[in-house]
Amino acid sequence: MGSGQLVTVFGAYGHTGRFVVAELAARGFVPVLSGRNARTLEELADEHGLEARPASVDDPASLDRALAGTAAVINCAGPFASTVGPVIEAALRARIPYLDVAAELEANLDTFAHYRERAREAGAVIVPAMAFFGGLGDLLVTAAMGDWTEADEAHIAYALSNWHPTAGTRLSGAVSRERRGAHRLRYSGGKWERRTDAAPLLEWIFPEPMGPRPVIGEFTMADVVTVPQHLSIPDVTTYMTAEAARDVTAPHTPAPTATDDSGRSNQTFLVDVVVRSGGAERRATAGGQDIYAVTAPLVTEALERVLTGRTRTVGVVTAGEIFDAPDFLHALAPHLTLDLVLV
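Note on numbering: residues in each chain are counted from 1, in written sequence order. Where local features are concerned, this predicted model is filtered to residues with pLDDT of at least 70; where side-chain atom pairs are given and counted, the filter is 80 or more; whole-chain, interface and lining totals use all residues. To get the side-chain values, all heavy atoms of the structure are used, and hydrogens and water are removed first.

Topic: the overall build of the chain
Link 1 in the chain: Secondary structure is summarised from DSSP: a helix means a run of H or I of at least four residues, a strand means a run of E of at least two, and numbering begins at the N terminus for each. Secondary structure assignment for the chain yields twelve helices and 16 strands.
Link 2 in the chain: Radius of gyration (C-alpha) of the chain: 19 Å, near the 20 Å computed for a compact globule of 343 residues.
Link 3 in the chain: With respect to the three principal axes, the spread of C-alpha positions in the chain is 55 × 45 × 40 Å.
Link 4 in the chain: Throughout this description, buried means an accessible area under 20% of the type-specific maximum (1.4 Å probe, protein chains only), exposed means over 50%, and partly exposed covers the range between. Here the chain holds 343 residues, and 53% of them are scored as buried.
Link 5 in the chain: Here, residues are in contact when the closest pair of their heavy atoms is within 4.5 Å. Once local pairs closer than 6 in sequence are excluded, the contacts in the chain between residues at least 24 apart make up 69%.
Link 6 in the chain: Here, Shrake-Rupley sampling with a 1.4 Å probe gives the accessible areas, and only protein chains in the shown set may cover a residue. In the structure as shown, the chain presents an accessible area of about 14200 Å², 51% of it carried by carbon and sulfur atoms.
Link 7 in the chain: Asp and Glu count as negative and Lys and Arg as positive, but His and the ends of the chain are not part of the count. Here the site of a charge means NZ on Lys, CZ on Arg, CG on Asp, or CD on Glu. Here the chain contributes 29 positively and 42 negatively charged side chains, and the mean placements of these two sets differ by 3 Å. Computation of the radius of gyration draws on C-alpha atoms, with the globule rule given as 2.2 Å multiplied by the number of residues to the power 0.38.

Remarks on the packing of aromatic side chains
Link 1 in the chain: Two rings from Phe, Tyr or Trp (for Trp, the six-membered ring) form a pair when their centres are within 6.5 Å of each other. A pair whose planes differ by under 30 degrees is stacked, one over 60 is edge-to-face, and the rest are tilted. A complete count under the given rule lists nine aromatic pairs for this structure.
Link 2 in the chain: Ring geometry for Tyr187 against Trp192: centres 5.4 Å apart, planes inclined by 65°, an arrangement best described as edge-to-face.
Link 3 in the chain: Trp192 sits in the partly exposed class, given a relative accessible area of 29%.
Link 4 in the chain: An aromatic cluster is built from Phe132, Phe133, Tyr158, Trp163 and Phe269, whose rings are joined through pairwise contacts.

With respect to the sheet that holds strand S4 (residues 72-75)
Link 1 in the chain: Reading across the sheet, the seven strands line up as S3-S2-S1-S4-S5-S6-S15 and stay open at both edges, with parallel pairing between neighbours. With one partner strand each, in any of the chains shown, strand S3 (51-54) and strand S15 (315-316) form the two edges of the open sheet.
Link 2 in the chain: Here, any two strands with at least 2 DSSP bridges between them count as paired. For strand S1 (residues 6-10) and S4, the ladder comprises four bridges, and the chain directions are parallel. Within S4, the residue paired with Phe10 across the bridge is Asn75.
Link 3 in the chain: Seen against the sheet, helix H2 (residues 38-48) touches strand S2 (30-35) and S3 and runs at an angle of roughly 170° to S3. To define axes, lines are fitted to C-alpha atoms, for helices over the stretch in contact only, and angles between the resulting N-to-C directions are given on a 0 to 180 degree scale.

Comments concerning the pairing of S3
Link 1 in the chain: In this sheet, S3 lies alongside S2 in parallel orientation, the contact comprising four bridges. From the neighbouring strand, Gly35 faces S3, where its bridge partner is Pro54.
Link 2 in the chain: Handedness of a crossover is defined as follows: orient the strands so they point away from the viewer, and if the path from the first strand over the helix to the second runs clockwise, the crossover is right-handed. One crossover worth recording links S2 to the parallel S3 by way of H2, and it is right-handed.

Looking at the nonpolar core
Link 1 in the chain: For the purposes of this section, nonpolar cores are sets of buried Ala, Val, Leu, Ile, Met, Phe, Trp, Tyr and Cys residues that join through side-chain atoms within 4.5 Å. Counting 104 residues, the largest nonpolar core has Met130, Phe132, Val141 and Trp163 as the members making the most contacts within it.
Link 2 in the chain: In terms of residue count, the dominant contributor to this core is helix H10 (residues 291-307) (ten residues).
Link 3 in the chain: Other than its neighbours up to four places away in sequence, Val141 contacts Ala154, Ile156, Val227, Leu231, Ile233, Val273 and Val275.
Link 4 in the chain: In terms of nonpolar packing, the next biggest core, distinct from the first, is built from eight residues, Phe206, Tyr239, Leu270 and Val274 among them.

Some thoughts on the pairing of strand S13 (residues 268-277)
Link 1 in the chain: Among the ten residues in S13, seven count as buried, and that is most of the element.
Link 2 in the chain: The sheet contact formed by strand S7 (residues 153-160) and S13 spans eight bridges and is antiparallel. The partner of Ala159 across the bridge, within S13, is Leu270.
Link 3 in the chain: Count of turn residues in the S13/strand S14 (residues 280-289) antiparallel hairpin: two residues, of which Gly278 carries a positive phi of about 60°.

Regarding the environment of Pro60
Link 1 in the chain: With respect to the element layout, Pro60 can be found in helix H3 (residues 60-67).
Link 2 in the chain: Between the C-alpha atoms of Pro60 and Glu89, which are 29 residues apart in sequence, the distance is 8.6 Å.

So, the pattern of salt bridges
Link 1 in the chain: Each salt bridge in this description consists of a side-chain nitrogen of Lys or Arg and a carboxyl oxygen of Asp or Glu lying within 4 Å of one another. This structure, assessed with the given rule, holds 24 salt bridges.
Link 2 in the chain: For Arg27, the salt bridge goes to Glu304, with nearest N and O atoms at 3.9 Å. Note that Arg27 is positioned in the loop between helix H1 (15-26) and S2 and Glu304 in helix H10, a separation of 277 residues in sequence.
Link 3 in the chain: For Arg27, a relative accessible area of 9% puts it in the buried group.
Link 4 in the chain: With a relative accessible area of 10%, Glu304 lands in the buried category.
Link 5 in the chain: It is possible to trace a salt-bridge network through shared partners that takes in Glu23, Arg27, Glu301, Glu304, Arg305, Arg310 and Asp327.

Observations concerning H10
Link 1 in the chain: Between the first and last C-alpha of H10 there are 25 Å, a value that for 17 residues agrees with the 24 Å anticipated at 1.5 Å per step.
Link 2 in the chain: Across the 17 residues that make up H10, a large majority, 16, are buried.
Link 3 in the chain: Two residues or fewer after H10 comes Gly309, characterised by a positive phi angle close to 75°. By this rule, a helix spans an expected 1.5 Å times one less than how many residues it contains.

Following this line, the structure appears as structure tokens:
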């Protein structure tokens, strides 16, 4: 457990940030609340008896103060295209691990491109996309691979009962669309493709009792960035149930509403992973409640393992690359149902 270690949470007052703060405290860490809105930070700090350290990505000195004396930083502040670089730089100056919950494809690609060599040379740990999108899919694919050293293709299908996006999700999505322009991204043949055609509408056969569901194919999410970083799989594709895809893109879909004391919504999810090599197929499936809330135990479990040395490498790394994937997933048993089928 955290043993009273200080951990800065940048973007602590955001929807996901609040879940992360609560999970850190429950595991014995002492969250240090940071972000640019000083008034909101102070209100949250007073509510929980914690320290607030306002900071802005435009003010490196303020970020240095926010990270001073802490064991690590978790970046929960989107749009991540604006926050990742400055907060990573501050973490490197402070010589502490950096983790984020970014789902923005471009921000994640930038992190690997700009910091991989530098972080490895410094012996630093930087874990981007340690969240529902990016981290969980990467862990499931890695676990499904088992003893395989390569595979032909990996497919990650998300079934969400609904997707009520937060303000942060909408803003991050807008930033990504602005950067991407009229294109969408697909990873095929070991390289990124920029496509202008519409993503296909397909059917995915989820495990029972869910069964067949219409999905948007090539609904490219952060897992398509993380998986190829360390696994030899030339084709990685993600899918989203069509109804959830319509929810998140519709302009008037409401934000998540808490339905229990922890603040979770009634949204449920199933992540179904299929990895194929030759004529063989392996499958890993995880289910749970609220994609924003489950990000908190994902990133906090990762943080605890980094700080206790239960890691395999350094540098800019994915969840499946730095951690023992099956062990990590089983550690999330209070938050996830898990089914691994290795044939």
